[in-house]
Amino acid sequence: MKKTIYILLFLATSIFAMEGKTMIVYKSPSCSCCENWIKIMKEKGFKVKTIQTNNINEIKQNAGLQDGQISCHTAFVDKYFIEGHVDYSAIKKMLDEKPDILGISNPGMPLGSPGMEQGNIKQAYNIIYVKKDGSEGIYEKH
């Protein structure tokens, strides 16, 4: 019984771990898949402020993103960027562990990633981290 209570408390804490954190999302006015991802982030407890812009490439460059690391929308939370349809698990891990990186990205728009669901279709993809020198590596595999 005691173990069950601890498990329930852990799950409740995990689900609402991001409650109250503000996420700023820059997106193109014409992109609807971004809205799907934003809805997921709100459900996970983020306070999301959406800024629609036609200068999304400038936002990405200023964040330190390079070709091959970009996707459709760019979000910021705490001191990190989150590029594209990144899974909540990777965001939570980054915010909990606070690694010395610029942020994480899900390059492209893989089917089956959060906000890009298409029935049972799910492409394999990697969430990458981007360091301050522009180098990158795999952060999570999906």
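Let us look at the structure shown here. Remember, predicted model here, so these are calculated numbers, not experimental data.

Reading the values: the criteria
Residues numbered from 1 in each chain as written. Predicted model: local features only at pLDDT ≥ 70, side-chain atom pairs only at ≥ 80, totals over all residues. Heavy atoms only, no water. Pairing = 2+ DSSP bridges. Helix = DSSP H or I, 4+ residues; strand = E, 2+ residues; numbered from the N terminus. Axes fitted to C-alpha atoms, helices over the stretch in contact; angles between N-to-C directions. Core = buried A, V, L, I, M, F, W, Y, C linked by side-chain atoms within 4.5 Å. Buried < 20%, exposed > 50% of the residue type's maximum accessible area, 1.4 Å probe, protein only. Contact = heavy atoms within 4.5 Å. Right-handed = clockwise from strand over helix to strand, strands pointing away.

Take the sheet that holds strand β7 (residues 136-141) next. Spatially, the 7 strands line up as an open sheet ordered β2-β1-β3-β4-β5-β6-β7, and their pairing is mixed. Both outer strands of the open sheet, β2 (47-52) and β7, are each paired with one neighbouring strand and no more. Sheet twist, expressed as the mean angle between neighbouring strand axes with direction ignored, is 25°. In the sheet, strand β6 (residues 126-130) pairs with β7 via 5 bridges, with the strands oriented antiparallel.

The subject of this paragraph is the nonpolar core. If you look at the biggest cluster of nonpolar residues, it comprises 22 residues, and the most contacted ones within it are Met23, Trp37, Phe46, Ile82, Ile91 and Ile104. Mapped onto this core, the elements with two or more residues apiece are β1 (22-27), α2 (33-43), β3 (74-77), β4 (80-84) and α4 (88-97). A total of 5 residues in this core trace back to one element, the largest contributor, which is α4. Beyond its immediate chain neighbours, meaning those up to four positions away, Ile104 contacts Phe81, Ile82, Glu83, Val86, Ala90, Ile91, Met94, Ile127, Ile128, Tyr129 and Tyr139.

The phi torsion at Asp78 lies on the positive side, around 55°, for a residue other than glycine. Inspection of the secondary structure puts Asp78 in the loop between β3 and β4. Of note in the backbone geometry, Lys98 takes a positive phi value of approximately 50° without being a glycine. Locating Lys98 in the fold gives a position in the loop between α4 and β5 (103-106). Residue classification places Lys98 among the exposed positions, given a relative accessible area of 54%.

Attention shifts here to the environment of Lys131. Checked against the element boundaries, Lys131 lands in the loop between β6 and β7. Along the backbone, Lys131 and Ile104 are 27 residues apart, and their C-alpha atoms lie at a distance of 9.1 Å. With residues up to four places along the chain from it excluded, the contact list for Lys131 reads Ile101 and Leu102.

This part takes up the pairing of β4. Counting buried positions along β4 gives 5 out of 5 residues, so the element sits mostly inside the fold. Following β3, the chain reverses through 2 residues before pairing antiparallel with β4; Asp78 in that reversal takes a positive phi of roughly 55°. Bridge count for β4 against β5 is 4 bridges, and the pairing is parallel. Note that in β5 the partner of Ile82 across the bridge is Ile104. Taken together, β4, α4 and β5 form a β-α-β motif whose crossover is left-handed.

Everything listed here is a matter of geometry and, on its own, says nothing about what the molecule does.
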